[in-house]
4 protein chains.
Amino acid sequence: MRLQSLKQQFAGVIPPLVTPLADEYNLDFPGLGKLIGHVLKGGVHGLFILGTTGEGPSLSLKLKYKMIEESTRIVSGRVPVLVGITDASFAESISLSKHAADCGADAVVLAPPYYFPSGQAELLEYLEHITPRLHLPLLLYNMPAMTKVDIGVETLLRASEIDGIVGFKDSSCNMIRFHEYILAMKGNPAFSLLIGPEELLAESVLFGGHGGIPGGANIFPELYVDMYNAAKEGDISAILKLQEKIFILRKLYSCGQYASSLIKGIKCALNCLDICSDFMAEPFHSFGEEQRKEIIKVLIELELKTPIV
Amino acid sequence: MRLQSLKQQFAGVIPPLVTPLADEYNLDFPGLGKLIGHVLKGGVHGLFILGTTGEGPSLSLKLKYKMIEESTRIVSGRVPVLVGITDASFAESISLSKHAADCGADAVVLAPPYYFPSGQAELLEYLEHITPRLHLPLLLYNMPAMTKVDIGVETLLRASEIDGIVGFKDSSCNMIRFHEYILAMKGNPAFSLLIGPEELLAESVLFGGHGGIPGGANIFPELYVDMYNAAKEGDISAILKLQEKIFILRKLYSCGQYASSLIKGIKCALNCLDICSDFMAEPFHSFGEEQRKEIIKVLIELELKTPIV
Amino acid sequence: MRLQSLKQQFAGVIPPLVTPLADEYNLDFPGLGKLIGHVLKGGVHGLFILGTTGEGPSLSLKLKYKMIEESTRIVSGRVPVLVGITDASFAESISLSKHAADCGADAVVLAPPYYFPSGQAELLEYLEHITPRLHLPLLLYNMPAMTKVDIGVETLLRASEIDGIVGFKDSSCNMIRFHEYILAMKGNPAFSLLIGPEELLAESVLFGGHGGIPGGANIFPELYVDMYNAAKEGDISAILKLQEKIFILRKLYSCGQYASSLIKGIKCALNCLDICSDFMAEPFHSFGEEQRKEIIKVLIELELKTPIV
Amino acid sequence: MRLQSLKQQFAGVIPPLVTPLADEYNLDFPGLGKLIGHVLKGGVHGLFILGTTGEGPSLSLKLKYKMIEESTRIVSGRVPVLVGITDASFAESISLSKHAADCGADAVVLAPPYYFPSGQAELLEYLEHITPRLHLPLLLYNMPAMTKVDIGVETLLRASEIDGIVGFKDSSCNMIRFHEYILAMKGNPAFSLLIGPEELLAESVLFGGHGGIPGGANIFPELYVDMYNAAKEGDISAILKLQEKIFILRKLYSCGQYASSLIKGIKCALNCLDICSDFMAEPFHSFGEEQRKEIIKVLIELELKTPIV
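We now turn to the structure provided with this report.

## What about the environment of Ala101(A)?
Here Ala101(A) shows up in helix 3 (residues 90–102). Between the C-alpha atom of Ala101(A) and that of Pro137(A), which follows or precedes it by 36 residues, the distance is 9.7 Å.

In structure tokens form, the structure reads like this:
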């Protein structure tokens, strides 16, 4: 386990990488290489693989292992790699953490087991049991829309005292509680507080958060890196301009009719930008022509794509 | 794929078997044998392993494989064995179905992938993709509290037209909609309609359902078999007596403070009856002494245990 | 306060009467007369005015007063009249109960105040405060979809011990809990247990409930009276036939796209049957031509209307 | 109807005034005078009476009328007075607006009717019907936790085009959507965007909102006025200090166990500060001694009360 210093290890913009797929059983290798190159060129501070945006839970164990191997190999230490190990099964989460450590990843990210919702006390017990058996520092991940468990302030505080838990990613979209997390963790500045939703990146950093995991950074990493820097510097007028752009990019996520539109939108946009395949793991399926046209319009509005004359 | 006849293949009382565990990585073999003997002696019409009550999603793949092997071996064709193959990953569900078929199981049971909730149309597409690749007849499983997807009447109707889908288990606790399912499926009497919650077993059978998957049948199989028979015969006065007993047994599920109390209660009761271990897979943990005392009281009230004088 | 006997005062089919409106400020007097005649001819055992189906909360106090006066005058003691007095304000509920008593109504029906949701203990305190100040026997009304408060079994049990509370109407659609209510109230057979949703009328009576408040009885009172009788006699084959018809009538409620479709459907059907106006209180508006055609189709299917050749 | 200018009429800190009650039927007149004096001295930019914090929906019509008369009389034009007219009944909302206009109030505030939840299209129709019949400019009020209706961005945009609707108060706690509201209304700078939850006041103003309706401003108006000014000036370091204080004050709201703790906490604190009575309208009841002690501790921590030595 690495030593914690006063400065949190995980800060800045850490995109939740999509998993480029050639088909149901195989990675899109060239796509993965291009995607990692693309986001690193954009100045991001780390990568988070096999998260929600990475369709982690939808992939077979074999594919997850492969994704860990390839991503760590390609990144090759240039930025920290965080690996999602959330699983309904305790044993599988531990195995994934072992593989992540063996491949040279830097941390693991764990949301509560997502079939059975647990109470706060049960969740703490679970964390006390699993953390000592993991092979890397752990960031706890709050994703109530998927896990049906919403991590309370008191639970975070007590979890942060478990040796090995070094940070927290909050994707609850509850900004009032994010302020509570910040205030509760004030005495532990080495502990990383990261926000999921990119729409809240600016304010979370302004108020003391350490960065974010914005899905849109797969497509337009500079935008979120600029926003992170503007927020760190408290440059409100820059923030307001960037915020408008972030809300334009967000239109990519509303081209379909289901909750899955966010991931589909990102994969479709990356495909339109010739970065990687838009193949989706079941139960989802990539966008059709109609949505693709909408996606291209938004990319043009963002000046990420040139209109065809 | 077996031929469907006018009579549905899966009917009656099919307990969702708990998974007796010696520890985190191993089955409680003697316990499993005793448990299967216990429920078969009680006259049940089939077994459902690796469901919600079986803690299926919490088990490692290895343990699931072992549970399939052992259960089918012990049952040895005396009643049909249904195997839960619900998984967040498409590929893992298919592998489980292959193993179930290889071991001689009779059907698989599948709820929607439970990390990402899908829309009704997405779910149908998923079912159209996965069903032809499964190795056994499929019962669809509605469990919205865990999967965040509630299977609509129209979706069931269309799913029932997919070749290979032969039945449906509904654990939504929505009795109004169960009536709708019954009426919608009237033209397809070979299709099995089974209810999850044991409190609704009687009325679902009275109105045309084909049976149930009552968790309490792990403990007291005769009670549910009697209720099934009373309901089939429309014997209201017998039903009312049995219903009272079912609601006494149900107190076993309210000894703890979390949603997990149901499974904990069943495992604790089975342990108090010297049938099998009460070890729980993470994120849950077995009851302490206090709850154990409450469990014993209920078992005495049910005359399943003799009070110690 | 009337004396309670072993037989509950309020049993059988008690339609939640719609409020026929001429316009925003006035009752449709002839319509109200025809409607009451229609349901009484159908053999109902009481009337419930100013409930959810009666758009009670949407009406001005003046209109509510008028509706109480006219309904009690027209019914003139032929069946009991129950008056909804649910209001966000304590004082207004008491005034309504006074007026109901003055007009000769038989009971009042009260759901929890519906702006601020209260906890179970708060709700009990509220009931302890309001019940002694009401001027008629009280039926408690559980309608969590509107009030955001779901009345627990323990709360009902304790409420039933408050002098003046003589019955309970449950519109939660939670059939498992309705069984719990029945079992909890077994020792108090004079206390009326009535079910709201008409789809559950049969089973609730089969298992010991005393009747229901079916919205559809505005349109087709005989259907629900027949069902009540069949259920009381345990005549399963009659029940199954009637249940199918109830589910055909229910199609009247699905002609629009909002939660309000139920009341709109009933009012539109009554208008198509030349019984009363279909004017709706804000925020709702009566159906347009398209939905009207669907409504007529269902009425023809129910043989309540003759197809025009 | 007043003319709109480029500058929104309603901006800054507008406390949602509690309603000081002597008992169930009467205002605490001296308390109301002291309370209004207290908040005006604190520099607030307006008053909002009969809102959620004002227990508006729990009061009888008579009390509401009295509260409007007294508040406008005491304020006497020093700041704008906004009057909550939300009611389940269309007619009562209109009457309240008439009385508010007669008493010289400046605007009315209206949430969707709160018994029947309406769809977005239904809600717009309702707004089109009611707005022309109101006697004062209207601020729309989003309070989904109470009304079960969540006002969408598109609905707000279309509502803002209805003549007479001049502003919006959002108490949904959904900060992502508040950014969407801000961006959607960019072309209409005269339209007031106000935030309900005080924890989000700073960021909502930083990003372009016009002010807030903080419940805590009943107790400590200067704190919120300072925060509003700091946010307007983009003074991040001042914001961070004030935010900590706001989160200390917020502890006043967590002294009880129900949703109602917020209003109880405010009234109890005001009583501890000798400003007004803490009598609560049903279904709520004022805090007991135990909670009172906790309240006093927080007031001491905020230096609003001197510890007794």
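And the narrative resumes.
## Quick word on the sheet that holds strand 7 (residues 138–142) of chain D
Two modes of strand pairing occur in sheets, parallel and antiparallel, and in both the strands are linked by backbone hydrogen bonds. Residues and elements named next belong to chain D. Taken in spatial order, the eight strands line up as 1-10-9-8-7-6-5-4 in an open sheet, and their pairing is parallel. Among the strands making up the open sheet, the edge pair consists of strand 1 (12–13) and strand 4 (47–49). Where strand 7 lies against strand 8 (residues 165–170), five bridges are found, and the strand directions are parallel. Bridged to Leu140 within strand 8 is Phe168.

## As for the pattern of salt bridges
Residues and elements named next belong to chain D. Within this structure, the stated rule accounts for 52 salt bridges over all chains. Close ionic contact of Asp87 with Lys64 constitutes a salt bridge, the shortest N to O distance being 3.6 Å. With Asp87 in the loop between strand 5 (81–84) and helix 3 (90–102) and Lys64 in helix 2 (residues 61–75), this pair connects stretches of sequence that are 23 residues apart. Overall, Lys64 belongs to the buried group, its relative accessible area being 4%.

## Here we look at the interface of chain A and chain B
Each partner contributes residues to the interface: chain A has 41 residues there, and chain B has 41 residues. Together chain A and chain B conceal approximately 3,800 Å² of surface at their shared face, both sides included; 64% is due to carbon and sulfur atoms. Taken as a group, Tyr115(A), Phe116(A) and Glu122(A) account for 21% of the area that chain A buries against chain B, more than any other trio of residues on that side. Taken together, the links from chain A to chain B amount to four salt bridges. Here Lys264(B) ties to Glu122(A) by a salt bridge, and the two come within 2.9 Å at their closest N and O atoms. Counting every contact that joins chain A to chain B gives 21 residue pairs in polar contact (both at pLDDT 80 or more). For the side of chain A that touches chain B, the secondary structure elements donating two or more residues are helix 3, helix 4 (120–130), helix 5 (144–147) and helix 11 (261–272) of chain A. For the side of chain A that touches chain B, the element with the most residues is helix 4 of chain A, which contributes five residues. Class assignment of the residues belonging to the side of chain A that touches chain B gives a composition of 23 nonpolar, nine polar and nine charged.

## As for the pairing of strand 6 (residues 107–110) of chain B
Residues and elements named next belong to chain B. Residues of strand 6 alternate between two faces, with Ala107 and Val109 on one and Val108 and Leu110 on the opposite face, all of them buried. Of the strand pairs in this sheet, strand 5 (residues 81–84) and strand 6 are connected by three bridges, and their pairing is parallel. Among the inter-strand pairings, Gly84 is bridged to a residue of strand 6, identified as Val109. Note that the unit made of strand 5, helix 3 (residues 90–102) and strand 6 has a crossover that is right-handed. Here strand 6 pairs with strand 7 (residues 138–142) via three bridges, running parallel. Among the inter-strand pairings, Val108 is bridged to a residue of strand 7, identified as Leu138.

Parameters and conventions
Residues numbered from 1 in each chain as written. Chains lettered and ligands numbered in written order. Predicted model: local features only at pLDDT ≥ 70, side-chain atom pairs only at ≥ 80, totals over all residues. Heavy atoms only, no water. Helix = DSSP H or I, 4+ residues; strand = E, 2+ residues; numbered from the N terminus. Pairing = 2+ DSSP bridges. Salt bridge = Lys/Arg side-chain N within 4 Å of Asp/Glu carboxyl O. Buried < 20%, exposed > 50% of the residue type's maximum accessible area, 1.4 Å probe, protein only. Contact = heavy atoms within 4.5 Å. Buried area = accessible area lost by both parts, 1.4 Å probe. Polar contact = N/O pair within 3.5 Å; in protein donor to acceptor, adjacent residues only side chain to side chain. Nonpolar A, V, L, I, M, F, W, Y, C, P; charged D, E, K, R; others polar. Right-handed = clockwise from strand over helix to strand, strands pointing away.

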